[in-house]
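An overview of the molecular structure
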Amino acid sequence: GTSVLLITHDLGLAAERADTIVVMNQGEIVESGPSREILENPQHPYTQRLVAAAPSIASQRIQAKVEDRGILRESDIDAPATVKVTNLVKEYKIRQGGFRSEQFRAVDDVSFEIPRGKTLALVGESGSGKSTIAKMVLKLEAPTSGSIEVDGVNTGTLSAKDTFNLRRRMQPVFQDPYGSLDPLRSIGNLIAEPLNIHKVGDNASRRARVEELLEQVALPQELASRYPNELSGGQRQRVAIARALALKPDILVLDEAVSALDVLVQAQILQLLAELQSELGLTYLFITHDLAVVRVAADLVCVMERGKLVEQGTVDEIFAQPSQEYTRRLLDAIPGASLSLGGA
Ligand code: ADP
Ligand code: MG
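Residues numbered from 1 in each chain as written. Chains lettered and ligands numbered in written order. Predicted model: local features only at pLDDT ≥ 70, side-chain atom pairs only at ≥ 80, totals over all residues. Heavy atoms only, no water.

What about empty space enclosed by the protein?
Summed over the entire model, instances satisfying the criterion amount to 1 cavity of 30 Å³ or more. What the largest cavity holds in volume is close to 60 Å³. Looking at the largest cavity, the residues that line it are Arg61, Ile62, Thr119, Leu270, Leu273, Ala274, Gln277, Tyr284, Phe286, Val296 and Ala297. Residue assignment for the lining of the largest cavity shows that the elements contributing at least two residues are helix H11 (263-280), strand S10 (283-287) and helix H12 (291-297). Of all the elements, H11 adds the most residues to the lining of the largest cavity, at 4 residues. Tallied by class, residues from the lining of the largest cavity come to 8 nonpolar, 2 polar and 1 charged. (1 Å grid on protein atoms, 1.4 Å probe; cavity = no way out; pocket = protein on both sides within 12 Å on 5 of 7 lines; lining within 4 Å. Points joined across faces, edges and corners; volume = space filled by probe spheres on them. Helix = DSSP H or I, 4+ residues; strand = E, 2+ residues; numbered from the N terminus. Nonpolar A, V, L, I, M, F, W, Y, C, P; charged D, E, K, R; others polar.)

Structure, rendered in structure tokens:
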């Protein structure tokens, strides 16, 4: 007989778990009523925007608003893989107490390829090994066995100098930009940091590049002199993306990069990523536990379960016809999957 006040930005979850929904915007209640009614037939423009922005399994892949790219994308499908992961294994030693320890396979014989300019989503429950793969692809952790090739070159065999150069091409965006942005440095400094580390250009050209990057991620120029705590979560995530783009990489590894954002900001960031991909031909390894986001953001999907890759295919294949019971359960677990969302 417990009463629950559930606070969330996840509309599907709200619809499934709550009888009544109260929608707030800028400190005020804009709409309230029975959950189903609110989601299927939102009345207030703000609620309509929220509902429309919420990704669901019924959503379509976000297309960049850039014309004349369609042909390029089609012919791209057979392009050689940018990132190729083969029989990747990662074992960690787990202490059992005393001198005893045991090997634990966090990643177990995983293989996949990401074609140039495409997005491969790595999905699976928490603890299934997704971040461990990201760290190995980024060369932040060494594989126990197996290989990772970038444009046909095994990254495990690179010299320190070539590894440094690889980091220019391949950049991470993590979930928590607040944790990865130094609070004592201005936004402009933070975005310029990779340029300093890699000694790209002089002060003037770095400042110009920061301006260009702020524009690319649709942030106002005056943010350059501000500090991370003065920004909203969505703005910080844009800063993290701007910084990842500073060195003009062609591969981004995004580990739960939009998972903590509310639906409106998440939709903006996903749109931004789609546009950058289309303009710059970027290749994304997109890691998420949220299958609804995969629907709108990815071309290919790999499903991870306890370190193993249990299913892979195009987004359409996997969503239309999951062959694994586990994948079906992941799909069924999308909150509000059965709801037909209304909205503008
Ligand atoms: P995911 O990103 O899918 O949530 P992770 O790749 O972070 O999963 O973790 C996969 C498994 O590997 C988990 O069981 C985790 O506890 C384990 N693991 C990750 N890093 C280490 C480590 N450094 N030492 C021991 N175990 C680890
Ligand atoms: Mg993770």
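What to know about the packing of aromatic side chains
For the structure shown, the criterion picks out 0 aromatic pairs. Directly above the aromatic system of phenylalanine 319 lies the positively charged group of arginine 295, at a separation of 5.0 Å from the ring centroid. (Phe/Tyr/Trp six-rings, centres within 6.5 Å; stacked < 30°, edge-to-face > 60°. Lys NZ or Arg CZ within 6 Å of the ring centre and 35° of its normal.)

As for the sheet that holds strand S6 (residues 145-150)
Pairing is antiparallel in the open sheet, where 4 strands are placed in the order S4-S3-S6-S7. Two strands close off the open sheet at either side, each with one partner strand: strand S4 (100-115) and strand S7 (153-154). In terms of strand pairing, strand S3 (residues 81-97) meets S4 through 12 bridges, oriented antiparallel. Paired with lysine 84 across the bridge in S4 is glutamate 113. Packing of helix H5 (residues 130-137) onto the sheet brings it into contact with S3, S4 and S6, and relative to S3 it is tilted by some 120°. (Pairing = 2+ DSSP bridges. Contact = heavy atoms within 4.5 Å. Axes fitted to C-alpha atoms, helices over the stretch in contact; angles between N-to-C directions.)

Observations regarding a nonpolar patch on the surface
A grouping of Val22, Met24 and Ile29 is seen on the molecular surface, where their side chains present a nonpolar patch of about 290 Å² in accessible area. Along the chain, isoleucine 29 turns up in strand S2 (residues 28-34). (Patch = residues over 30% accessible without salt bridge, like charges linked within 9 Å, V, L, I, M, F, W, Y side chains within 5 Å. Areas by Shrake-Rupley, 256 points an atom, 1.4 Å probe, with all protein chains shown as cover. Salt bridge = Lys/Arg side-chain N within 4 Å of Asp/Glu carboxyl O.)

Everything listed is a geometric property; what it means functionally is a separate question.
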